[in-house]
Each structure stands twice: as C-alpha cells, then as structure tokens.
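# Per-entry structural report
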Amino acid sequence: MRNPIRIALSAILILGLLAGCGSNVTLDTPTIPTPLIVKIPASVGLRLPVEFQHYVHDEEIIGREQWSIDLGNSNAALFTQLFGFMFEKVTLVSADENPADLPIDVLIEPSIEAFEFSVPNQSKTDAFAVWIRYRIKVFDQQGTEVANWPVSAYGKSQKASISGSQALQRAAILAMRDAAALMIMKLDEATGIGSMAAARAGNGPVPESEQEQPSDIE
Amino acid sequence: MILNKRIFWNPMLAVGALVLTGCITSRVEDSRINSTGIKSGEGVVVMAKSYHLGNETEEDYIQCVERGLERGSSGLRVIPHRQFVDSLFPWFEPRTAPSETKHLPQLMDSPGVVERIAEQKVRYIIWLDGDTERVAGGGSLSCAAGPGGGGCFGFAWWQNQADYEAAVWDLNELEAAGTVTTDVSGTSFMPALVIPIPLIARAQANACKSLAQQLQQFIVGDEGDDSA
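Residues numbered from 1 in each chain as written. Chains lettered and ligands numbered in written order. Predicted model: local features only at pLDDT ≥ 70, side-chain atom pairs only at ≥ 80, totals over all residues. Heavy atoms only, no water.

## Considering the overall build of chain B
To be explicit about the condition: The helix count covers DSSP runs of H or I at least four residues long, the strand count covers runs of E at least two residues long, and both are numbered beginning at the N terminus. Three exposure classes are used, based on accessible area relative to the maximum for each residue type with a 1.4 Å probe and protein chains only: buried under 20%, partly exposed in between, and exposed over 50%. The criterion used for residue contact is that any of the two residues' heavy atoms lie within 4.5 Å. All accessibility values rest on the Shrake-Rupley procedure with a 1.4 Å probe; residue burial counts only the protein chains present in the view.
Within chain B, the regular secondary structure consists of 6 helices and 6 strands. Seen in sequence order, chain B has helices and strands lined up from the N terminus as α-β-β-α-β-α-α-α-β-β-β-α. The buried share of chain B, taken over its 228 residues, is 40%. If you take every contact in chain B between residues at least 6 apart in sequence, the share linking residues at least 24 apart comes to 75%. By element, 55% of the accessible surface of chain B is carried by carbon and sulfur atoms, the whole surface being about 12100 Å².

## Let's talk about the side chain of S50 of chain B
Residues and elements named next belong to chain B. We count it as follows: Counting of polar contacts relies on pairs of N or O atoms within 3.5 Å, with two restrictions inside protein: one atom must be capable of donating a hydrogen and the other of accepting it, and residues adjacent in sequence are counted only when both atoms are side-chain atoms.
Along the chain, S50 turns up in the loop between β2 (43-48) and α2 (59-70). For S50, a relative accessible area of 9% corresponds to the buried category. At 2.8 Å, the side chain of S50 forms a polar contact with the backbone nitrogen of H52. Beyond its immediate stretch of four places on either side in the chain, S50 contacts N55, P94 and R95.

## Some thoughts on the packing of helix α3 (residues 74-86) of chain A against helix α5 (residues 164-191) of chain A
Residue and element names in this part refer to chain A. Here is the rule we go by: Interaxial angle, 0 to 180 degrees, is taken between N-to-C directions of lines fitted to C-alpha atoms, where a helix line uses only the stretch in contact. Roughly parallel here means an angle under 35 degrees, roughly antiparallel means over 145, roughly perpendicular means 65 to 115, and every remaining angle is called oblique. Helix crossings get a hand from a simple test, with the near helix turned counterclockwise from the far one by less than a right angle marking a left-handed crossing and a clockwise turn marking a right-handed one. When residue character is reported, Ala, Val, Leu, Ile, Met, Phe, Trp, Tyr, Cys and Pro are called nonpolar, Asp, Glu, Lys and Arg charged, and the others, Gly included, polar.
It is the contact of α3 with α5, at a shortest axis distance of 11 Å, that shows an interaxial angle of 30°. In terms of axis orientation, α3 runs roughly parallel to α5. When you trace α3 past α5, the crossing you get is right-handed. Across the interface between the two elements, S74, N75, L78, F79, L82, F83 and M86 of α3 pack against M176, A180, M183, I184 and L187 of α5. Across the contact of α3 with α5, the residue classes break down as 10 nonpolar, 2 polar and no charged.

## Some points on the state of the cysteines
All names here are of chain B. Our working rule: Note on disulfides: each one is a pair of cysteine sulfur atoms within 2.5 Å.
Per the stated rule, a full pass over the model turns up 2 disulfides over all chains. Shown here is the disulfide that connects C64 with C208, its sulfur atoms set 1.9 Å apart. An S-S torsion of about -100° defines the bridge between C64 and C208 as left-handed. Here the residue C64 occupies a position in helix α2, and C208 occupies one in helix α6 (residues 203-220), the gap between them amounting to 144 residues. With relative accessibility at 2%, the residue C208 sits in the buried group.

## A closer look at the packing of α5 of chain A against helix α6 (residues 193-201) of chain A
Residues and elements named next belong to chain A. Where α5 meets α6, the axes come as close as 5 Å, and the angle between the chain directions of the two elements is 55°. Taken together, α5 and α6 sit at an angle that is classed as oblique. Contact residues: α5 offers L187, D188 and T191, while α6 offers I193, G194, S195 and M196. When its residues are assigned to classes, the contact of α5 with α6 shows 3 nonpolar, 3 polar and 1 charged.

## Quick word on the environment of G84 of chain A
Residue and element names in this part refer to chain A. With respect to the helices and strands, the residue G84 is situated in helix α3. Residue G84 is classed as partly exposed on the basis of its relative accessible area, which comes to 30%. For the pair G84 and V44, spaced 40 residues apart in the sequence, the C-alpha separation amounts to 9.6 Å. The residues touching G84, leaving out its near neighbours within four places in the chain, are K39 and V90.

## Side note on the pattern of salt bridges
As a reminder of what qualifies: By salt bridge we mean one thing: a side-chain nitrogen of Lys or Arg within 4 Å of a carboxyl oxygen of Asp or Glu.
Within the structure shown, the criterion is met by 16 salt bridges over all chains. Of the charged contacts in the structure, one is a salt bridge between R200 of chain A and D105 of chain A, with a shortest N-O distance of 3.0 Å. Of the two residues, R200 of chain A is situated in helix α6 and D105 of chain A in the loop between β5 (87-92) and β6 (106-118); the sequence distance between them amounts to 95 residues. For R177 of chain A, the salt bridge identified is with E93 of chain B, shortest N-O distance 2.9 Å. Residue R177 of chain A is located in helix α5, and its partner E93 of chain B is located in the loop between α3 (81-87) and α4 (104-108); the two belong to separate chains. The class for R177 of chain A is buried, based on a relative accessible area of 13%. You can call E93 of chain B buried: its relative accessible area is 4%. Each of E113, R133 and R135 of chain A takes part in salt bridges that share partners, so that together they form one network.

Here it is in structure tokens:
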C-alpha cells in the first residue's frame, strides 16, 4: 500500500516545479519626480488608447520559462502625470470626443509599438533589461496628423539582492522613466507643439517649416 | 559536556578563521588633477556611470562605497544617490546625465539645478565605472545523497576580478578633481571531502573598502584648513 503522505509530498513537489516554470510580473503604478523644467505654454488633449489601460506582454523564453508582464494602468498613469508636468493644461480626451470641440492646441495620442525584455540567462549577465518603444502622434485641432515620433526607452536592473520578478519590474519602471526623461528633453523639439500653440495663441498661421513632420527623431 | 564541546570546537573555529578566505591581490591608485577639500556640511554623491554607455557597476557596490565613505574619523556626508537623482529629475537619468565636466556649465544653467544642488550641499559627484567579473575557474566537485546520508567530493576554484574607477567632479569649480582606481583579483577555493569548505576571496568587498578609503583621503585632500 502506498504511503499517502509520500504521494501528497510528491504532488506538492511536482506542482511547485510546474509553478516555477512560469513567472508573472504585475507593475505597480509608477510615479516620476517633479521635473526641473519650465512648462510648455500649450493646452494639450491626451487620448490614451485602450492598450494603455491594460497592457500585458506574454513571452516564452524557449526551453526555459513563461513570463507574463502586466503593465496594467502604469503607462496611462505615467503619461498623464508626465504631460501634467510638461504642459500648462492637459485635458483627457475619450475616444468618442471630437478634438475640434475642445479648447486644446493639439491632441497627443501615444501608443506602445513594442515591448521586449531579456533575462540573465539570455544576456549572460546578472541583469534584467526592458526595452519599450512608444509612438507619439500629434494631431492639430482639425484632426490632421502633424507629428509622428518614436520613443525608444531602455531600463536595466540587477538581480543582486532582489528576486527576478522584482528586478524585471524595476527594469520596466526604469524604461518608462527613461521614456519620460527623453520626452521631457526632446518632445517639443521633435513635434513642434510649443510653436504650434504659440502660433494659435497669436492667431497667426503655423509656419511652413513647423508643418513638416519631424518623423523618426529620437 | 559543555567543556568538552568547547575544547573540540575552539581549535576548529580557529583553523576555520585562518583558512576561510581565498587569495587576494589588490592595487589602489589615485590621479589628482586639481586640489580638493571639503567644508563642514558639504557632502558627496556616489553615482554609477550610465548603463546606456555600457557600464555595469552593481547597485550593491554603490551602496557599499556610500557606507564606506561615511565611516571613520574622515567620514564624509553622503547624499543617497537615488534621492539626488530624483531631486534633479530629469538631469541625472542614465540617458541625460552629463558624461564630461564640460557639460556641467550648461547643466547648471538649467532651471532649478543650481538651487537643488545647493540645498543638498553637494560638493562632489563621484562617478563609478567598472564591475566584478568571474575571469577563470576550474576543478570538479560532485555531491551525492542517499538514504544513509550524503556528501561531496572534489575541488573547485574560481577567480573574480573587481576593477573600478571613481572619477571625482568638483561642483564648486565645475571641473574634474581626479580619479581613484582599484583593481582586485581574488581566487576562491572549495575543497570537499564529504563536507565542502568554501574559502572565499571577497574581491568586490575588498575593492569597495579600498576604494572608499582612498576616496576619503583624496577628497579630504590637501586643503587641511577646510576639512570637516
């Protein structure tokens, strides 16, 4: 007769091993410190796509483990906070609202184009790394696309004294913070939002040079 | 019974204390460009050079150097690096941090930067570059376990190399004060005859201690009247 305790222990061990083959990471809502910048004098609308509210990245590292990274609402929270710091006025615009009916200079619509990560087994280092590529589209009040800017961000965190899941979570947050830093430094230059707002405020036409799409500037 | 145990264990502990470290060779050098010195109340920040530039300095090494700088009679006031980076967001992010002192004047012209640095009384930024790597290893060690017990047999060794450079920037003068470098090589051994006995050479810890001590001396430096 088989020992039931032994069977139970074996079952627990097998379940434990199976559980070890997959990792789930859920990001806490990140915050960025108040940046030392002068706000851009513009009133912007921010339209966040559905994926920003709940972005999940699933990936199986061949022969090793399954990772599921739930960014949740973190991107929406980050962009809302960031643009609040960057612009004088930010209005959240829902998908069914017409920007022409709103008192805004431009409409900004960010999206996630790609999310990638590496674990120590792949990089042969002690670090987790995350790459996120966002795309920032800017529309004028008539709904015409006036800028289209890709933002590539990178974050890296060592495993040292924290678990793999925590290190990956930290790497993702650092990548989002990296994106925020890049947007603070370059968004206005890459998209011309400030000069468009200034032209609208002066009721003057937007200069020809500012109507060009500064595409693929990083 | 207690007395017997003491007689048995004390020599074991003594032998253990003698042999429980591997072999370490270390070298510390500094190169001074400008005179240094630190006034009472002034502090330093220890930062890793950006990983965007391929630097791999470990977070725990930074924290170790921070603690090392605070220790002793020449202990410095250390502002935690994360607090400093947050207070100056986004100017000291891995992507945006100045990579050379020639970028400092432009950075200081940015709104609020001078004020935040002054509030925290940061006199020096110490930029760490480098890492600890396993550069060699060998031997063979195998372990087995059975119903009657288990054990290990064999011999393994490995060599870690800890190479770090600390560049010291003077925020009062907006120029480099100099560099301190440390190279530590540590070879660890693990012989096993039933029980494995690790003889660990702590290369990174040694590199941290020696770098922190040398940095303290370097910064307190040659302006004795100003020293904290």
